[in-house]
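# Geometric and topological summary
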Amino acid sequence: AYYTLGKRGIDIAAMNLGLERTHIQRARQKLRKQLTSYSILFTLAHINAIAKTRIAFEQAFQKYKEAELSNWIPERLLEQRFSDDDKRLKLRPDGFMQYQLKDSGKIYSAFLEIDLSTQSKKQIQDKVKRYLAFSETGLPKEEFGTHWFRVIVISKGERRSQELKRAIETITEKIFWITNFSLMQSDDWLDKPIFLKVGISGRHPLL
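Here the structure is a predicted model, which is why all the values come from computation and not from measurement.

We now examine the environment of Pro193. Along the chain, the position of Pro193 falls in the loop between β7 (176-180) and β8 (195-197). Residue Pro193 is classed as partly exposed on the basis of its relative accessible area, which comes to 45%. For the pair Pro193 and Leu132, spaced 61 residues apart in sequence, the C-alpha separation works out to 25 Å.

In structure tokens:
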């Protein structure tokens, strides 16, 4: 707030908060430096992408009458810590959702990963291994009420989607579905073949 109000905002904030002008000025300068740093800008881009993804899913399920979005858990509530072969692992998905088919009542669960092309092939593969290790624990059932889940990865573009598919397929040929933001622009994509599935050729609809 100190930064966006501009320099005159320092006086207004000092008067209303009962603080010394120099205190607010230092805080404003610190925030301004943070806002121009890569880490802060990347964090904002990531938060924006997560919000964009949630809106895309909510609008699509509102349009599609044969299924409904029954649950959504945000990133901040999803961190999981567990052991695998005496190693301590941490997994923090970007989202978790459950959706239900109305005719059969079947419920699907999916974790979401937003890819902004900042991770290396090795980092991606390490995360894939953590998901596989997580699936072998009792935590999916204990924390989310399911033994089985998908991991939906949303990338910035088609080329990156193909790169992700190849990288993931060196580790596993199951549970990972990949698409990109450009294919989720309309609100009628749920039953359209926009997803790449690891281990399988072609494109597939989510429903």
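Once you've had a look at it, read on.
Our focus in this paragraph is the pattern of salt bridges. Pairing of side chains with opposite charge becomes possible as their charged atoms draw close. The final tally for this structure, using the stated rule, is 13 salt bridges. The shortest N-O distance in the salt bridge between Lys122 and Asp126 comes to 3.0 Å. Of this pair, Lys122 and Asp126 are both found in helix α5 (residues 121-135), 4 residues apart, which corresponds to roughly one turn of the helix. The network of salt bridges with shared partners includes Glu75, Glu79, Arg81 and Arg92.

Okay, the pairing of strand β5 (residues 107-114) next. Each regular strand carries side chains that alternate between the two faces of the sheet. Burial runs high along β5: 7 of the 8 residues are buried. The sheet contact formed by strand β4 (residues 95-101) and β5 spans 6 bridges and is antiparallel. From the neighbouring strand, Tyr99 faces β5, where its bridge partner is Tyr108. Where β4 hands over to β5, the hairpin turn is made up of 5 residues, of which Gly105 adopts a positive phi near 80°.

For the largest pocket, the calculated volume is near 480 Å³. Forming the walls of the largest pocket are 23 residues, and the residues nearest its centre are Asp94, Glu113, Ile114, Gln119 and Lys127. Partitioning the lining of the largest pocket into residue classes produces 11 nonpolar, 4 polar and 8 charged. Lining the second largest pocket we find 13 residues, and of these Trp148, Phe149, Lys174, Ile175 and Phe176 sit closest to its centre. For the lining of the second largest pocket, the residue count by class is 7 nonpolar, 2 polar and 4 charged.

Quick notes on the rules
Residues numbered from 1 in each chain as written. Predicted model: local features only at pLDDT ≥ 70, side-chain atom pairs only at ≥ 80, totals over all residues. Heavy atoms only, no water. Helix = DSSP H or I, 4+ residues; strand = E, 2+ residues; numbered from the N terminus. Buried < 20%, exposed > 50% of the residue type's maximum accessible area, 1.4 Å probe, protein only. Salt bridge = Lys/Arg side-chain N within 4 Å of Asp/Glu carboxyl O. Pairing = 2+ DSSP bridges. 1 Å grid on protein atoms, 1.4 Å probe; cavity = no way out; pocket = protein on both sides within 12 Å on 5 of 7 lines; lining within 4 Å. Points joined across faces, edges and corners; volume = space filled by probe spheres on them. Nonpolar A, V, L, I, M, F, W, Y, C, P; charged D, E, K, R; others polar.

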